[in-house]
Amino acid sequence: MAASIREKQTAALKRMLNFNAPPLKNTTESVWKVLIYDRFGQDIISPLLSVKELRDMGITLHLLLHTDRDPIPDVPAIYFVMPTEENTDRICQDLRNQLYESYYLNFISAISRSKLEDIASAALAANAVNQVTKVFDQYLNFITLEDDMFILCNQNKEHISYHAINKPDIMDTDMEAIMDTIVDSLFCFFVTLGAVPIIRCPRGNAAEMVAVKLDKKLRENLRDARNSLFTGDTMGTGQFSFQRPLFVLADRNLDLATPLHHTWTYQALIHDVLDFHLNRVSVEESQGSEASPAGARPKKKNKKSYDLTGADKFWQKHKGSPFPEVAEAVQEELDTYRAQEDEVKRLKSIMGLEGEDDGAISMLSDNTAKLTSAVSSLPELLEKKRLIDLHTNVATAVLDHIKSRKLDVYFEYEEKLMSKSTLDKSLLDIISDPDAGTVEDKMRLFLIYYITSQQPPSEADLEQYKKALVDAGCDLSSLNYIKQWKAFTKMAATPANYGSSGVKPMGLFSRVMNTGSQFVMEGVKNLVLKQHNLPVTRILDNLMEMKSNPVSVLVCFSLSLRPFIFSLISTNIKHVLYG
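Each value, and the rule that gives it
- Every chain begins its residue count from 1, and numbering advances along the sequence as written.
- Reporting of local features is limited, given that this is a predicted model, to residues whose pLDDT is at least 70; pairs of side-chain atoms are given and counted only at 80 or more, and all residues count toward the totals for whole chains, interfaces and linings.
- For side-chain calculations, the full set of non-hydrogen atoms in the structure is used, while hydrogens and water are omitted.
- UniProt positions are given in the numbering used here, feature names are shortened, and annotations may be inferred rather than shown by experiment.
- The definition of a nonpolar core used throughout is a set of buried Ala, Val, Leu, Ile, Met, Phe, Trp, Tyr and Cys residues joined through side-chain atoms within 4.5 Å.
- The classification of residues rests on relative accessible area computed with a 1.4 Å probe and restricted to protein chains. Under 20% of the type maximum is buried, over 50% is exposed, and intermediate values are partly exposed.
- Each helix corresponds to a stretch of at least 4 residues labelled H or I by DSSP, and each strand to a stretch of at least 2 residues labelled E; elements are numbered beginning at the N terminus.
- By definition in these notes, contact holds between two residues if any of their heavy atoms fall within 4.5 Å.
- Helix span, expected: 1.5 Å multiplied by one less than the number of residues in the helix.
- Confidence of the predictor in every single residue is expressed as pLDDT, which spans 0 to 100.
- Here a salt bridge means any side-chain nitrogen of Lys or Arg lying within 4 Å of a carboxyl oxygen belonging to Asp or Glu.
- In this description, a line fitted to the C-alpha atoms serves as the axis of each element, helices being fitted only across the stretch in contact, and the angle between N-to-C directions of two axes falls anywhere from 0 to 180 degrees.
- For classification purposes, an angle smaller than 35 degrees is called roughly parallel, one larger than 145 roughly antiparallel, one from 65 to 115 roughly perpendicular, and anything else oblique.
- Each crossing gets its hand from how the near helix is turned against the far one by less than a right angle, where anticlockwise is left-handed and clockwise is right-handed.
- Strand pairing is assigned whenever DSSP identifies at least 2 bridges connecting the two strands.
- Handedness of a crossover is defined as follows: with both strands directed away from the viewer, a clockwise route from the first strand across the helix to the second makes it right-handed.
- Put simply, two rings from Phe, Tyr or Trp (the six-membered ring, in Trp's case) pair if the centres are within 6.5 Å, and we call them stacked under 30 degrees between planes, edge-to-face over 60, tilted for the rest.

By the naming in an unreviewed UniProt entry, the protein goes by Sec1 family domain-containing protein 1 and is assigned to Cyprinus carpio carpio. The UniProt entry for the protein carries this comment under Function (unreviewed entry): "Plays a role in SNARE-pin assembly and Golgi-to-ER retrograde transport via its interaction with COG4. Involved in vesicular transport between the endoplasmic reticulum and the Golgi." Per its UniProt entry, the protein bears the Sequence similarities (unreviewed entry) comment "Belongs to the STXBP/unc-18/SEC1 family."

Trainee: Outline the nonpolar core, supporting the account with residue identities and numerical values.
Mentor: Counting 36 residues, the largest nonpolar core has Met179, Ile182, Leu186, Phe187, Phe189, Leu214 and Phe230 as its most contacted members. When residues of this core are traced back to their parent elements, those giving at least two are helix 6 (162-166), helix 7 (172-193), helix 8 (206-223) and strand 9 (246-251). Among the elements that line this core, the one with the most residues is helix 7, at 12 residues. Sequence-distant contacts of Leu214, defined by excluding residues within four places in its chain, comprise Val183, Leu186, Phe187, Phe190, Ile199 and Phe247. Membership of the second largest hydrophobic core comes to 30 residues, among which are Ile448, Tyr450, Tyr465 and Trp485.

Trainee: With reference to specific residues and values, describe helix 1 (residues 5-17).
Mentor: With 13 residues, helix 1 should cover 18 Å at 1.5 Å per step; its first-to-last C-alpha distance of 18 Å lies within 8% of that length. Those residues of helix 1 lying buried are Ile5, Arg6, Lys8, Gln9, Thr10, Ala12, Leu13, Met16 and Leu17. Taken from the residues just after helix 1, Phe19 is the one with a positive phi, measuring 60°.

Trainee: Could you give an account of the confidence of the model for the protein, with specific residues and numbers?
Mentor: Here the protein averages 81 in pLDDT, and 76% of its residues register 70 or above. Contacts of residues 234-240 to residues separated by more than four positions or lying in other chains number 24 contacts, the stretch itself having pLDDT below 50. Every residue in residues 559-571 scores below 50 in pLDDT, and together they form 46 contacts with partners more than four places removed in sequence or on other chains.

Trainee: Quick rundown of the pattern of salt bridges? Include the residues and the values.
Mentor: Tallied over the entire structure, the rule returns 20 salt bridges. Across the pair Lys213 and Glu176 runs a salt bridge whose closest N-O atoms are separated by 2.8 Å. On the criterion of sequence distance, the pair formed by Lys213 in helix 8 and Glu176 in helix 7 is long-range, its members being 37 residues apart. Taking the relative accessible area as the measure of exposure, Lys213 reaches 26% and is therefore partly exposed. On the accessibility criterion, Glu176 (36% relative accessible area) is partly exposed.

Trainee: Tell me what's going on with the packing of helix 10 (residues 266-273) against helix 15 (residues 378-405), and back it up with residues and numbers.
Mentor: Packing of helix 10 against helix 15 brings their axes to within 10 Å, and their N-to-C directions diverge by 70°. By the criterion of interaxial angle, the relationship of helix 10 to helix 15 is roughly perpendicular. Crossing angle aside, the handedness with which helix 10 passes helix 15 is left-handed. Across from Tyr266, Leu269, Ile270 and Val273 in helix 10, the residues of helix 15 making contact are His391, Val394, Ala395, Val398, His401, Ile402 and Arg405.

Trainee: Please set out the pairing of strand 4 (residues 100-107) residue by residue, giving values where relevant.
Mentor: Counting buried positions over the eight residues of strand 4 gives seven, a clear majority of the element. Here seven bridges tie strand 3 (residues 72-81) to strand 4, and the two strands are oriented parallel to one another. Looking across to strand 4, one finds that Val81 is bridged to Phe107. With helix 4 (residues 85-97) bridging strand 3 and its parallel neighbour strand 4, the resulting β-α-β unit is right-handed. Two elements, strand 4 and strand 5 (residues 132-137), share five bridges in a ladder whose sense is parallel. Paired with Phe107 across the two strands is Asp137, which belongs to strand 5. Each parallel crossover has a hand, and for strand 4 linked through helix 5 (residues 113-125) to strand 5 it is right-handed.

Trainee: Describe in detail helix 10, supporting the description with residues and values.
Mentor: Burial analysis of helix 10 places seven of its eight residues in the buried class, which makes it a mostly covered element. Within helix 10, burial applies to Tyr266, Gln267, Ala268, Leu269, Ile270, Asp272 and Val273.

Trainee: Quick one: what's the story with the packing of aromatic side chains, residue by residue and with numbers?
Mentor: Under the defined criterion, the tally for this structure stands at 20 aromatic pairs. Considering the side-chain rings of Tyr139 and Phe187, the 5.9 Å spacing of their centres and the 70° angle between planes classify their relative orientation as edge-to-face. Placement of the pair is Tyr139 in the loop between strand 5 and strand 6 (143-146) and Phe187 in helix 7, with a sequence separation of 48 residues. Classification of Tyr139 as buried rests on a relative accessible area of 13%.

Trainee: Give a detailed account of unusual backbone geometry, specifying residues and quantitative values.
Mentor: Generally, phi is negative for residues other than glycine and the peptide bonds are trans, each holding for most cases. At Asn156, a position not held by glycine, the phi torsion is positive, near 55°. Tracing the backbone through its elements, the reader meets Asn156 in the loop between strand 7 (149-151) and helix 6. Judged by its relative accessible area of 39%, Asn156 is partly exposed. For Lys406, which is not a glycine, the phi torsion comes out positive at approximately 55°.

Trainee: Lay out the sheet that holds strand 3 in plain terms, naming residues and giving numbers.
Mentor: With parallel pairing, the five strands of this open sheet are ordered in space as 2-1-3-4-5. The open sheet terminates on both sides in strands that have one partner only, identified here as strand 2 (59-64) and strand 5. Here the average twist between neighbouring strands, direction ignored, is 20°.

Trainee: Requested: an account of the environment of Ala257, with residues and values cited.
Mentor: Here Ala257 lies in helix 9 (residues 257-260). Among the residues examined, Ala257 registers a relative accessible area of 0% and is labelled buried. When the C-alpha atoms of Ala257 and Glu414 are compared, they prove to be 9.4 Å apart, with 157 residues separating the residues in sequence.

Set out below in structure tokens:
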């Protein structure tokens, strides 16, 4: 695929913000306009377009639909909302109140005829028919986080979660609603991608239900050649391609151990231990390093937010690296920055410019090439310093969790359990250790042991484990569910094989343990990752076994518990998207 899904969705949004016309490159003036979105629209836009980019496209204000908004009668308004009854009622109210000069209504998913008629009736009653300039279905009901990764939704995500679909008292109508929500988002994804997929899924579970509904929806759209979304650039989102991607739709029950697994790579650790949503991470920071006076209230912690985007080269390079390598890389970047900063100071000292009069530097630029180069690189240095500070703060917060919860120990033990290696220490000892992790950490460790074991533990051993878990404060309801699930799927006879990969302990840190390091890594193991052969990897390899030409592949876990990046080893795969 020439363009990534991130680029295609961004292009579709920019077209929408230009009144559904292709953006003109040579224009210097933009039409000022207001953007009105709901929470769903906000979640779609925020990972893709910054406030500065919105300003450059003429968006002077961006407001939530369900807030009190003052009339701006001389400005056009672009709406980007879900076609819900609540949203259409508010749009009708805006029409009656004559809030804006003109209205460009863009619905994230296709709006039903009945709701469209409600808006038309409201416009007619308010004498605002001529002000409703355009109405579009955008088919953008999914959130792209990276070039090769997307999620279905962020708002109300618990409504389509693993728990929602597997609870015993779920009604047929609720199940249908969940399936329709998932299918609608996947259909929007393929419309934006501009490709009709080849769908593969296991039989007899939620993945098959989604696949059948998606197949039906795609066929119905393709049958109507004049109005098909895949036979031209009708919506400006993508064009039909004869090179069809392979869409592998897997049920989460295929591999329950992986999302429970404690991780060791930078991005996955941030997602696991910090508040990380839609490419924004929030980190708690103390307001000062000095101790509070005796009897005084403890200082409140500030909460700082950082955007981890594709423009951050350090993030792009190291997000999939093991955490020890990231710690070393941050320290190396900091040392490089300090060396460059010292060079600028040295040049200023040589030129007799130790004072604060930086304006004198430009007067001597013709005479000193080195000084000119140093000064011109100052903006780049400042941006580099900002990114170093960002990753220092984030990595320090992650390291605090690793050390306080002994996550390196959990990661090493879980890798050994999944690769059927011998444990150095009894599982009971870790569960019983009050200093080793939280209640959730202990439960996750035992569930992985139970899921991946060749033979389930005996009743006596299981009671011993249960007692240790209860003493540690664990809730055993998840274990009871896993027991029933394993018995139902007969996993005890054929447990999922995770290959013979594991971790290799490399002792304690070397380069990051020097006195000048920002990270005190003492006592944390330096574990080197090896490639995993996960169940979905082997399934994909089997699907690609007889293919001679490289194929683009979309791997989507329906009802995933949390993201987990894994590697695929097939040589016939050209491009992989994760959902």
